[in-house]
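Read off the chains here:
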Amino acid sequence: MPGMQDGRIVILPPTPGGCPYCGDTHDPRDPHNRDSLTYQHKFRKKYGRYPTWEDAMRHCSVLTQARWAEKLAERGIQVEVSGHERG
Ligand SMILES: [Zn+2]
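Figured I'd write up the structure that's included with this text. Note that the coordinates shown come from a computational prediction; the quantities given were computed from them, not determined experimentally.

Parameters and conventions
Residues numbered from 1 in each chain as written. Predicted model: local features only at pLDDT ≥ 70, side-chain atom pairs only at ≥ 80, totals over all residues. Heavy atoms only, no water. Phe/Tyr/Trp six-rings, centres within 6.5 Å; stacked < 30°, edge-to-face > 60°. Helix = DSSP H or I, 4+ residues; strand = E, 2+ residues; numbered from the N terminus. Buried < 20%, exposed > 50% of the residue type's maximum accessible area, 1.4 Å probe, protein only. Polar contact = N/O pair within 3.5 Å; in protein donor to acceptor, adjacent residues only side chain to side chain. Contact = heavy atoms within 4.5 Å. Salt bridge = Lys/Arg side-chain N within 4 Å of Asp/Glu carboxyl O.

Topic: the packing of aromatic side chains
Evaluated as defined, the whole model comprises three aromatic pairs. Judged by centre distance (4.5 Å) and plane angle (40°), the rings of phenylalanine 43 and tyrosine 47 are tilted. With a gap of four residues between them, phenylalanine 43 and tyrosine 47 both fall in helix 1 (residues 37-47), about one helical turn apart. Using a relative accessible area of 9% as the deciding quantity, one classes phenylalanine 43 as buried. An aromatic cluster is built from Tyr39, Phe43 and Tyr47, whose rings are joined through pairwise contacts.

In structure tokens, the structure reads:
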């Protein structure tokens, strides 16, 4: 578990101007940073589990999801694209 080596979880404040969900600076149309501790903490508090890449890109367009799924696949991460478009 990243960030828990010494038994404490350190939540860094979001970057000014960063995403309100993951604290990262990214295009709102792009997925949240699933590896962001801010995002993991917020997500877990709300849903009782840790986010997956599918969760991180749920708000994205189908096209964006497909693009990211391809990128992640290159890194050996398999993502199921939901095909669900919202917003
Ligand atoms: Zn985000």
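Side note on the side chain of threonine 64
Structurally, threonine 64 can be placed in helix 3 (residues 62-74). Polar side-chain contacts of threonine 64 include one of 2.9 Å to the side chain of serine 61. Residue contacts for threonine 64: discarding those within four places in its chain leaves Arg29, Asp30 and Pro31.

Side note on the pattern of salt bridges
In total, this model carries five salt bridges according to the counting rule given. Aspartate 27 is the salt-bridge partner of arginine 29, the closest N and O atoms lying 2.9 Å from each other.

Examining helix 1
The set of residues buried in helix 1 consists of Thr38, Tyr39, Gln40 and Phe43. Contacts made by the buried residues of helix 1 are with helix 2 (53-56). The N-terminus of helix 1 is capped by serine 36, whose side-chain oxygen sits 3.2 Å from the backbone nitrogen of threonine 38. The first or second residue beyond helix 1 is glycine 48, which carries a positive phi of 75°.

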